[in-house]
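# Summary of the model geometry
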Amino acid sequence: MRPTPYLLHRYANPGQFLRLARALQPWLSTGAIIFLTVGIVWGLFFAPADWQQGETVRIMYVHVPMAWLASSCYLGLAICGLLSLVWRHPLADLAAIEIGPVGACAAALCLITGSLWGQPMWGTWWVWDARLTSVLVLFFLYLGHIALIRAFDEPARGQRAAAILALAGAIDLPIIKFSVQWWNTLHQPDSITLTGAPTMSMTMLWPLLITTIGFTLGVAAVIFARLSAAIHESRTRQLMARSRLNRSDRSAA
Amino acid sequence: MMHLPNHWPYIAAAYGLTIGCSLVLGIGAALRLRRAKTRLAAVESQLRHRESSAS
């Protein structure tokens, strides 16, 4: 098996990454469309209503994937931060710029869909519960990262500061995960764990898994497309700068 | 059976927002990629043309 640094350096080459993205893009997009269509139609119209929550349980099929993606995208940001600070991986900073807004959207949607579920079920849009508050902190970490990475005239300084913020903010991920166990929260405990059997009916679990896979594939496709576009834009800027330099050299001569 | 009030407006809002934002992100990324590719191709061909006319 190849050592990890070899793989890291292999995909540090933007050309290699663009080839990989071009090959994966159609599969990711097609998979996302198929899984999301099946999952959303199943969740909205065919999955059973809950005996306690009634039809409102259907919000779970979009809320849970958004919660999963908000955490996963932040984990991606933290990994990019590590790659940037330790190995100076040239694509890591570019990836962090592109992952940030996507993760922030997922976190915002997780909070909004949670509120839309909370109003009819708990009778309130918001409570300062440990799970809700830790996800709100995650959303603010995303906003901070987006602002910080663009805050300096010298991009390398902003990227370094944002990488440190991404790594430090990763402490919020285990807090989100275990908040329902560590504190007495209004938010219900996890229904799906790696160690135990799921506590929900399989007729609800299947559409949930399908929408989660669909949204994950979709977000992967969006991040690949945004990163490919950023590489093309950076190459265009380099070419234009070189052309201006050549022109000024010629006029000086 | 227990009668539950109509919660479909909340469900519709949750699905509408999620699907709408996903579409905006997806279509936005695809359009940006297409624009970036077109712009790079135009700049490259402009530079090639300028280099060949200079030589």
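Residues numbered from 1 in each chain as written. Chains lettered and ligands numbered in written order. Predicted model: local features only at pLDDT ≥ 70, side-chain atom pairs only at ≥ 80, totals over all residues. Heavy atoms only, no water.

### Concerning the UniProt feature "transmembrane region" (unreviewed entry) in chain B
Under the UniProt annotation, "transmembrane region" (unreviewed entry) lies at residues 12–31 of chain B. End-to-end, the C-alpha atoms of residues 12–31 of chain B are 28 Å apart, and along that stretch the chain is 100% helix and 0% strand. (UniProt positions renumbered as here; feature names shortened; annotations may be inferred. Helix = DSSP H or I, 4+ residues; strand = E, 2+ residues; numbered from the N terminus.)

### Considering the packing of helix H4 (residues 90–122) of chain A against helix H1 (residues 8–54) of chain B
Packed helix pairs are characterised by how far apart their axes lie and by the angle those axes make with each other. Interaxial distance between H4 of chain A and H1 of chain B falls to 9 Å at its minimum, and their mutual angle equals 170°. Classified by the angle their axes make, H4 of chain A and H1 of chain B are roughly antiparallel. For the pair H4 of chain A and H1 of chain B, contact is made by Glu98, Val102, Cys105, Leu109, Ile112, Thr113, Leu116, Gln119 and Pro120 of chain A and by Tyr10, Ala13, Ala14, Leu17, Thr18, Cys21, Leu25 and Arg32 of chain B, respectively. Of the residues contributing to the contact of H4 of chain A with H1 of chain B, the split by class is 12 nonpolar, 3 polar and 2 charged. (Axes fitted to C-alpha atoms, helices over the stretch in contact; angles between N-to-C directions. Parallel < 35°, antiparallel > 145°, perpendicular 65-115°, else oblique. Contact = heavy atoms within 4.5 Å. Nonpolar A, V, L, I, M, F, W, Y, C, P; charged D, E, K, R; others polar.)

### Notes on the UniProt feature "transmembrane region" (unreviewed entry) in chain A
Those places that UniProt annotates as "transmembrane region" (unreviewed entry) correspond, in this numbering, to residues 27–47, 67–87, 99–118, 130–149, 161–184 and 204–227 of chain A. Between the first and last C-alpha atoms of residues 161–184 of chain A the distance is 35 Å; the span itself is 83% helix and 0% strand.

### A look at the layout of surface pockets
All names here are of chain A. Roughly 1,600 Å³ of volume is contained in the largest pocket. Only helix H3 (60–87), H4, helix H5 (130–149), helix H7 (172–182) and helix H8 (202–252) provide two or more residues apiece to the lining of the largest pocket. Among the elements that take part in the lining of the largest pocket, H3 stands out by supplying 9 residues, more than any other. In terms of residue class, the lining of the largest pocket is built from 28 nonpolar, 17 polar and 4 charged. (1 Å grid on protein atoms, 1.4 Å probe; cavity = no way out; pocket = protein on both sides within 12 Å on 5 of 7 lines; lining within 4 Å. Points joined across faces, edges and corners; volume = space filled by probe spheres on them.)

### Details of the interface of chain A and chain B
Quite often, the size of an interface is put as the accessible area lost when its parts meet. Listed by partner, the interface residues are 41 residues for chain A and 27 residues for chain B. Between chain A and chain B, roughly 3,100 Å² of surface is buried when both sides are summed, and carbon and sulfur atoms account for 75% of that area. It is Leu109, Leu116 and His232 of chain A in chain A that bury the most area against chain B; as a group they hold 15% of the surface buried on that side. Across the chain A-chain B interface, the total number found is 2 salt bridges. Close ionic contact of Glu98 of chain A with Arg32 of chain B constitutes a salt bridge, the shortest N to O distance being 2.9 Å. Applying the counting criterion to the chain A and chain B interface returns 4 residue pairs in polar contact (both at pLDDT 80 or more). Among the elements of the structure, helix H2 (14–46), H3, H4 and H8 of chain A are those that each provide at least two residues to the side of chain A that touches chain B. With 16 residues, H8 of chain A is the largest single contributor of residues to the side of chain A that touches chain B. (Buried area = accessible area lost by both parts, 1.4 Å probe. Salt bridge = Lys/Arg side-chain N within 4 Å of Asp/Glu carboxyl O. Polar contact = N/O pair within 3.5 Å; in protein donor to acceptor, adjacent residues only side chain to side chain.)

### Structural notes on the pattern of salt bridges
One side chain can pair with another of opposite charge once the charged atoms of both are near each other. On inspection of all chains with the given rule, the structure shows 4 salt bridges over all chains. Two residues, Arg226 of chain A and Glu98 of chain A, come together in a salt bridge whose shortest N-O distance is 3.1 Å. Of this pair, Arg226 of chain A sits in helix H8 while Glu98 of chain A sits in helix H4, and the two are 128 residues apart along the sequence. Glu98 of chain A shares its class with Arg226 of chain A; the two are buried. A single salt-bridge network, built from bridges that share partners, covers Glu98, Arg226 and Glu233 of chain A together with Arg32 of chain B. (Buried < 20%, exposed > 50% of the residue type's maximum accessible area, 1.4 Å probe, protein only.)

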